[in-house]
Amino acid sequence: GEEVLDFMTTQDTAIAVASPIRSRLFIGGSNGLYVCNEAMNFTKTFQPNNPNSLPWVKLFNFSSAEEGKRQIRSIAPSNDGNTVLFSVDIDKTNTAPATTKLYRLTGLNQHNLSNLSVFSGASTDPSNFTLNEIASYERSISSIVYADDASTAIITFQGYAPGANIYRVENLTAENVEDITFTEISLGENIQKPVYTALVEKVSTDGKTVYVGTDDGVYKTTDYTAANVVWTKEANFPDALSAGKKA
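Numbering of residues begins from 1 in every chain and follows the order in which that chain's sequence is written. This being a predicted model, a pLDDT of at least 70 is required before a residue's local features are given, and a value of 80 or more before pairs of side-chain atoms are given or counted; all residues contribute to the totals for chains, interfaces and linings. Excluded from the side-chain calculations are hydrogens and water; all other atoms, namely the structure's heavy atoms, are used.

Enquirer: What should I look at first to understand the overall build of the chain in this one?
Expert: Counting its secondary structure elements, the chain contains zero helices and 15 strands. Per-residue accessibility, obtained with a 1.4 Å probe over protein chains only, is compared with the maximum for each type, and a residue is labelled buried under 20%, exposed over 50%, and partly exposed between these values. In the chain, which comprises 247 residues, the proportion classed as buried is 43%. Just so you have it, the chain exposes about 12800 Å², and 47% of that area is on carbon and sulfur atoms. By definition, any uninterrupted DSSP run of H or I lasting at least four residues is a helix, any uninterrupted run of E lasting at least two residues is a strand, and each is numbered from the N terminus. Method for areas: the Shrake-Rupley scheme with a 1.4 Å probe, in which residue coverage is limited to the protein chains shown.

Enquirer: Can you walk me through the side chain of Lys58 in this structure?
Expert: Along the chain, Lys58 turns up in strand β3 (residues 56-60). Polar contact is the term for a pair of N or O atoms within 3.5 Å; when the atoms are in protein, one must be able to donate a hydrogen and the other to accept it, and sequence-neighboring residues count only if both atoms are side-chain atoms. Of the polar contacts made by the side chain of Lys58, one reaches the backbone oxygen of Asn31; its length is 3.0 Å.

Enquirer: Could you clarify how one ought to interpret the environment of Phe129 in this entry?
Expert: With respect to the helices and strands, Phe129 occurs in the loop between β6 (99-106) and β7 (130-137). The exposure class assigned to Phe129 is buried, which follows from its relative accessible area of 8%. Distance in space between the C-alpha atoms of Phe129 and His111 is 9.1 Å, their sequence separation being 18 residues.

Enquirer: Would you explain the sheet that holds β6 in this entry?
Expert: Adjacent strands of a sheet pair through backbone hydrogen bonds, lying either parallel or antiparallel. Reading across from one edge, β4-β5-β6-β7 is the order of the four strands in this open sheet, with antiparallel pairing throughout. This sheet does not close on itself; its edge strands, each paired only once, are β4 (69-77) and β7. Going from strand to strand, the sheet's axes swing by 25 degrees on average, the running direction of each strand aside. If DSSP finds at least two bridges between two strands, the strands pair. Looking at chain direction, β4 and strand β5 (residues 83-91) are connected through eight bridges and run antiparallel. Throughout, an axis means a line fitted to C-alpha atoms (over the contacting stretch in the case of helices), and angles, computed between N-to-C directions, take values from 0 to 180 degrees.

Have a look at this one:
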């Protein structure tokens, strides 16, 4: 059923949060990945060492042994809220292509992310979760979007570089990362063409329709699960327009 959180008990207006999981806010910074479980609680602000503060939980630390400039590029929480996928770009030199690592972090629903006695936004927080590196590429991941459930996602790649520009990722809930599968569903014959973002249409469809945004417009497939995915360019869209991430 629907859960309602009333954060303004002394006011005549309340904020109804239909799903606390969907109100989480994820932020990737220069020193890691964070989540706030009360993003819609406007009665709180962040104050270090204050037990009544807006709770921020650190989910990921950058390894001190990793060389080069690092940044979190894309973030996608699963529909059930227990998992988050994210990519990290590692630029080791100005000439070599950047390495992009794809991570899976699980266990978000096993904890009260508002418990400031356990989580303090510090480097010790990530020990409460399970982190797996599930892939590595020499091309930057531009977007990650979950499909119909927590086990399937679509990832797109930007920049002109070797390798596929779209992958379908399946079995994401598998305990062993070796069981996760990656299927190329690239757009066009020139797979070096950058794809910037993807959108899974979840309203009035069977959930298999996907749109992607590129330099020359928006493309669509009506079945991203097909053995041979067919992309067609959408009419009435201007060039250099990227689709949003969620519908």
